[in-house]
Amino acid sequence: MSSLSEEQQIDRLTRLLDVSRQLSATLELDSLLQLIIEVASELTFSESCLILLYDPQTKSLEFIASPGVRSKEIKTIRVPIEGSIAGAVFKKGSPLIVQNAHSDPRLFRGVDQFIQHTTKSILAVPMMIQDRTIGVIELVNKKDGNNFSKEDQTTLSILASHAAVAIQNTNLLVTLKKANEELKALDRLKSDFIAIASHELRTPLGIVLGHATYLEDILEDREGREQAEIIIQHGERLKNIIEDLGNIDTFQSGKSRLRKSSIDICKLIQEVVQEYQEMAETKNISISIDNPQGELKTTGDKEKLHIAFGNILKNALIYTNDRGKIHIKTNRVGNFIETSIIDNGIGIPESDLEKIFERFYQVESHLTRRYGGMGLGLSIAKDMVMFHEGKIWVESVLGKGSRFTVL
Ligand code: ADP
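Because the structure is predicted, anything quoted here is derived from the model rather than measured.

Draft legend 1. Spotlight on the overall build of the chain. For the chain, the count of helices and strands is 10 helices and 13 strands. Relative to a compact globule of 407 residues, whose C-alpha radius of gyration would be 22 Å, the chain shows 36 Å and is clearly more extended. Overall, the chain is about 110 × 50 × 40 Å in size when its C-alpha atoms are taken along their principal axes. The 407 residues of the chain split such that 43% are buried. Put simply, of all contacts in the chain between residues at least 6 apart along the chain, 65% involve residues at least 24 apart. Total accessible area on the chain is roughly 23,200 Å²; 54% of this is exposed by carbon and sulfur atoms. Here the chain contributes 49 positive and 56 negative side-chain charges, whose respective centroids are spaced 3 Å apart.

Draft legend 2. Highlighting the pairing of strand β10 (residues 325-333). By the bridge criterion, four bridges tie strand β8 (residues 286-289) to β10 in an arrangement that is parallel. Its bridge partner being in β10, Ile287 is matched across the sheet by Ile326. Sheet topology note: the β10/strand β11 (residues 336-343) ladder contains eight bridges and is antiparallel. Opposite Thr330, over in β11, you have Thr339 as the bridge partner.

Draft legend 3. A nonpolar patch on the surface, seen in detail. On the surface, Leu183, Leu186 and Leu189 cluster together into a nonpolar patch covering about 340 Å² of accessible area. In this fold, Leu186 is placed in helix α6 (residues 150-218).

Draft legend 4. How the structure looks around the environment of Gly83. Within the secondary structure, Gly83 is located in the loop between β3 (78-80) and α4 (85-92). Contacts of Gly83, omitting those with residues within four sequence positions, involve Pro105 and Arg106.

Draft legend 5. Here's a closer look at the sheet that holds strand β5 (residues 122-129). As summarised here, the arrangement of the six strands in space is β3-β2-β1-β6-β5-β4, forming an open sheet in which the pairing is antiparallel. Strand pairing shows two members of the sheet lacking a second neighbour, β3 and β4 (96-98), which therefore form its edges. When the angles between neighbouring strand axes are averaged without regard to direction, this sheet yields 30°. Here eight bridges tie β5 to strand β6 (residues 132-142), and the two strands are oriented antiparallel to one another. The residue of β6 that forms the bridge with Val125 is Ile137.

Draft legend 6. Structural context of the nonpolar core. Of all hydrophobic cores here, the largest spans 42 residues; its most connected members are Leu313 and Ile326. When residues of this core are traced back to their parent elements, those giving at least two are α7 (222-252), α8 (265-282), α9 (302-318), β10, β11, α10 (377-387), β12 (392-397) and β13 (401-406). For Leu313, the contacting residues outside a window of four places in its chain are Val272, Val273, Tyr276, Ile287, Ile326, Ile328 and Ile341. Judged by nonpolar contacts, the second largest core, of 32 residues, contains Leu33, Leu43, Ile134 and Phe148.

Draft legend 7. Broad picture of the site of the ligand. Surveying the vicinity of the ligand reveals 20 residues, the closest of which are Asn315, Tyr319, Gln362, Gly375 and Leu378. The separation between a nitrogen atom of the ligand and a polar side-chain atom of Asp343 is 3.0 Å. Gly375 is positioned such that a nitrogen or oxygen atom in its backbone is 2.9 Å from an oxygen atom of the ligand. In isolation the ligand exposes 530 Å². Once the protein is present, 96% of that is buried. Listed by contribution, the elements that provide at least two residues to the shell around the ligand are α9, α10 and β13. Its residues assigned to classes, the shell around the ligand comprises 11 nonpolar, seven polar and two charged.

Draft legend 8. A look at the packing of helix α1 (residues 6-25) against helix α2 (residues 29-44). The N-to-C vectors of α1 and α2 enclose an angle of 175°; their axes lie 11 Å apart at closest approach. Between α1 and α2, the angle is such that the two are roughly antiparallel. Facing Asp11, Arg12, Arg15, Leu16, Val19, Gln22 and Leu23 of α1, the residues of α2 in contact are Leu32, Leu35, Ile36, Val39, Glu42, Leu43 and Thr44.

Draft legend 9. Structural detail: the packing of aromatic side chains. Counted according to the given criterion, the structure contains two aromatic pairs. With 4.6 Å between their ring centres and 25° between their planes, Tyr54 and Phe90 make a pair best called stacked. Taken together, the positions of Tyr54 in strand β1 (residues 46-55) and Phe90 in helix α4 put the pair 36 residues apart, joining distant regions of the chain. Taking the relative accessible area as the measure of exposure, Tyr54 reaches 25% and is therefore partly exposed. The buried category is assigned to Phe90, whose relative accessible area is 13%.

Draft legend 10. Region of the structure containing the pairing of β12. Of the two faces of β12, only the one carrying Ile392, Val394 and Ser396 is buried; Trp393, Glu395 and Val397 on the other face are not. With six bridges connecting them, β12 and β13 associate as antiparallel partners. The partner of Trp393 across the bridge, within β13, is Thr405. Once β12 ends, the chain turns through three residues before running back antiparallel as β13, passing Gly399 with a positive phi of about 85°.

Draft legend 11. Layout of the pattern of salt bridges. Applying the stated criterion across every chain, the model contains 13 salt bridges. Across the salt bridge formed by Asp152 and Lys142, the nearest N and O atoms sit 2.7 Å from each other. Of the two residues, Asp152 sits in helix α6 while Lys142 sits in strand β6, which places them 10 residues apart along the sequence. For Lys302, the salt bridge goes to Glu271, with nearest N and O atoms at 3.4 Å. Taken together, the positions of Lys302 in helix α9 and Glu271 in helix α8 put the pair 31 residues apart, joining distant regions of the chain. Looking at Lys302, the relative accessible area reads 37%, which means it is partly exposed.

Reading the values: rules and limits
- Residues numbered from 1 in each chain as written.
- Predicted model: local features only at pLDDT ≥ 70, side-chain atom pairs only at ≥ 80, totals over all residues.
- Heavy atoms only, no water.
- Helix = DSSP H or I, 4+ residues; strand = E, 2+ residues; numbered from the N terminus.
- Rg over C-alpha atoms; globule rule 2.2 N^0.38 Å.
- Buried < 20%, exposed > 50% of the residue type's maximum accessible area, 1.4 Å probe, protein only.
- Contact = heavy atoms within 4.5 Å.
- Areas by Shrake-Rupley, 256 points an atom, 1.4 Å probe, with all protein chains shown as cover.
- Lys, Arg positive; Asp, Glu negative; His and termini not counted.
- Charge placed at Lys NZ, Arg CZ, Asp CG, Glu CD.
- Pairing = 2+ DSSP bridges.
- Patch = residues over 30% accessible without salt bridge, like charges linked within 9 Å, V, L, I, M, F, W, Y side chains within 5 Å.
- Salt bridge = Lys/Arg side-chain N within 4 Å of Asp/Glu carboxyl O.
- Axes fitted to C-alpha atoms, helices over the stretch in contact; angles between N-to-C directions.
- Core = buried A, V, L, I, M, F, W, Y, C linked by side-chain atoms within 4.5 Å.
- Near = heavy atom within 4 Å.
- Polar contact = N/O pair within 3.5 Å; in protein donor to acceptor, adjacent residues only side chain to side chain.
- Nonpolar A, V, L, I, M, F, W, Y, C, P; charged D, E, K, R; others polar.
- Parallel < 35°, antiparallel > 145°, perpendicular 65-115°, else oblique.
- Phe/Tyr/Trp six-rings, centres within 6.5 Å; stacked < 30°, edge-to-face > 60°.

Okay, structure coming up:
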């Protein structure tokens, strides 16, 4: 038989429900624990409630929530595991009721002055996370002088499990925040490194290219000019790589740097094709454009879209054999403009289709590669398209060719 009236039982359940609602609504640990001790005292008619957490460093229990004005001072007290009531509950992981606390040698007497009561009786239950005890929650003295009942113990156990969840959530949040900050710091370091490295490489490379071009111009003998030309060619490759690196950095600083204006995608495609015309001629690859005189206007960052289409077209040229074909189609599709760059090149294995937009991903391993590059071109193209909230995807058949589409 319960010692509580039906009304009291309903009141208890309602208040417990209140606490669990609060628990899922806030991550503010101190106020949650404060609520738990208030509700615990109120529902069990106790004079005080205290929450103790195990500190693995000092191997003792510390108060993390207590009622009254001196709650700050009580936090400096450490309750030993051996020889204390809370310690016994912590070690055994099971509840304990001590009705005559003053005659129990395990009573830790340092607390009374802070809670402004003389401890007469204690009900203590463990706070558990799964099967691990993390602390103890204690009730001190029944107001009506009665003994602590089984119902009080059940009520306190429910509140103890709420407190444990709140503590665990906070710990997880702290760990997550720390990990997040570490990641952000690493990301900043990486961005700084990329920005500094690409900036520092650009200047001397410009000088090398400038001098090599000068030499190529003034040298009379053919062999000398060929040597200078090789320096220029490889210098240009290096310049492209450095530019790619610079563009990754641009992405880190995000969409905020998008400079939008009205642009005609058909015209943009023509400009991109123009840029790569020489490369196409060297490989004898024909580039045809659907609707070359058309006009399809939208708003966007011209430079960034130029980089996106440029990287896709450059790949089409690299991964298509001599005398191959590239076709570019641009259409309006509803409210969007869709551009496809289609080649009849080497194609991409199906298992790689998902991954080629990842940074530094290349279908052929770096060691056995027949083609240059760093695996950045498509990831940059994707970034640039994502800035515009667009989409980019690929369809490809190995040995037949690929179709890259930007929406
Ligand atoms: P990379 O610098 O290696 O070209 P990208 O990010 O531009 O880097 O491309 C990633 C990989 O996707 C390339 O290494 C290549 O294997 C594959 N790829 C990209 N475009 C094509 C294409 N048009 N045809 C075949 N393979 C392609």
